[in-house]
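Take a look at the letters that make up each chain.
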Amino acid sequence: MGLFRATRYVASLPLVSVDELVDAGVELVLLDRDNTCVPRDAREAPAEVTEWLARVRAAGMTACLVSNNFHTSQVSRTARELGVEFVDHAMKPLPWALRRAMRRAGASADRTVMIGDQVFTDVAAGNLAGVRTVLVRPQSRSDLWYTHVFRVFERLALRGVSFEGE
Ligand SMILES: [Mg+2]
């Protein structure tokens, strides 16, 4: 399992099967915010994301945003709107924020999944933390300038990978 390899590739967050997470024994769902839950060109998560998180909670799992976004107010507002916990200034791909969220939820690595839209932050952080990972497609074409740079390398890392649901 390479650092930049995800466990699963799925077209979007709402297409990640909640039943499969339950069957895999997942207790904690770590979520990237920007372009995973909330498109970068929108202020709020789409209804499908809100509904997906309701299903996650109904299944007894804990969800927590783990965001590199340095605007704490944006991250905390989204967490409130979605009814989930959050860790901001996460500094992914460093795994510390993921470990902090796991400690807080009392979840072990083998019962945790990290879901995000970037190989070099979300997937790498998940692998360094020893959790399973799901890479989703970015939910908008809008990205920070340095993310656009990473996307070029990301396309190389994703050669030959197919995403479920597309
Ligand atoms: Mg993102």
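Everything numeric in this text was worked out from a predicted model, so none of it was measured. (Residues numbered from 1 in each chain as written. Predicted model: local features only at pLDDT ≥ 70, side-chain atom pairs only at ≥ 80, totals over all residues. Heavy atoms only, no water.)

**With respect to the environment of Glu166**
- Among the secondary structure elements, Glu166 is positioned in the segment after helix H6 (145-157).
- Judged by its relative accessible area of 60%, Glu166 falls in the exposed class.
- For the pair Glu166 and Gly106, spaced 60 residues apart in sequence, the C-alpha to C-alpha distance is 35 Å.
- Leave out the neighbours within four places in its chain, and Glu166 touches Ala11 and Arg137.
- Among the polar contacts listed, one links the side chain of Glu166 to the side chain of Arg137, at a separation of 2.7 Å. (Helix = DSSP H or I, 4+ residues; strand = E, 2+ residues; numbered from the N terminus. Buried < 20%, exposed > 50% of the residue type's maximum accessible area, 1.4 Å probe, protein only. Contact = heavy atoms within 4.5 Å. Polar contact = N/O pair within 3.5 Å; in protein donor to acceptor, adjacent residues only side chain to side chain.)

**Points about the coordination of the magnesium ion**
- Taken together, Asp32 (OD), Asp34 (O) and Asp117 (OD) make up the full set of protein donors to the magnesium ion, lying 2.1 to 2.2 Å away.
- Here the donor residues of the magnesium ion are spaced in sequence according to D-x1-D-x82-D. Pair noted here: Asp32 is in the loop between strand E2 (28-31) and helix H2 (47-58) and Asp117 is in the loop between strand E5 (112-116) and helix H5 (119-129), with a separation of 85 residues, a long-range link.
- On the basis of relative accessibility, which here comes to 7%, the residue Asp32 falls in the buried class. (Donors = N, O, S within 2.8 Å, 3.2 Å for Na, K, Ca; no water.)

**Points about the nonpolar core**
- Val29, Leu31, Trp52 and Ile115 are the most contacted members of the largest nonpolar core, which totals 26 residues.
- Elements represented by at least two residues in this core include exactly helix H1 (18-23), E2, H2, strand E3 (62-66), helix H3 (72-82), E5 and strand E6 (132-136).
- Here the element with the most residues in this core is H2; it accounts for 4 residues.
- In this structure, Val29 is in contact with Leu21, Trp52, Val56, Met61, Thr62, Ala63, Cys64, Val113 and Ile115, ignoring residues within four places of it in sequence.
- Core analysis: the next-biggest nonpolar cluster, separate from the first, contains 15 residues, Leu30, Ala90, Met102 and Ala107 among them. (Core = buried A, V, L, I, M, F, W, Y, C linked by side-chain atoms within 4.5 Å.)

**Observations regarding the pairing of E5**
- Burial within E5 is extensive, with 5 of its 5 residues counted as buried.
- Of the two faces of E5, the one carrying Thr112, Met114 and Gly116 and the one carrying Val113 and Ile115 are both buried.
- Sheet topology note: the E2/E5 ladder contains 4 bridges and is parallel. Following the sheet pairing, Leu31 is matched in E5 by Ile115.
- The pairing of E5 with E6 spans 4 bridges and is classified as parallel. (Pairing = 2+ DSSP bridges.)

**A word on the sheet that holds E3**
- The 6 strands lie next to each other as E1-E6-E5-E2-E3-E4, forming an open sheet whose pairing is parallel. Each edge of the open sheet carries a strand with a single partner, namely strand E1 (8-10) and strand E4 (85-87). Adjacent strand axes in the sheet meet at a mean angle of 25°, parallel and antiparallel pairs treated alike.
- Two elements, E1 and E6, share 3 bridges in a ladder whose sense is parallel. Of the residues in E6, the one forming a bridge with Val10 is Val136. (Axes fitted to C-alpha atoms, helices over the stretch in contact; angles between N-to-C directions.)

Read these as spatial facts, not as claims about activity.
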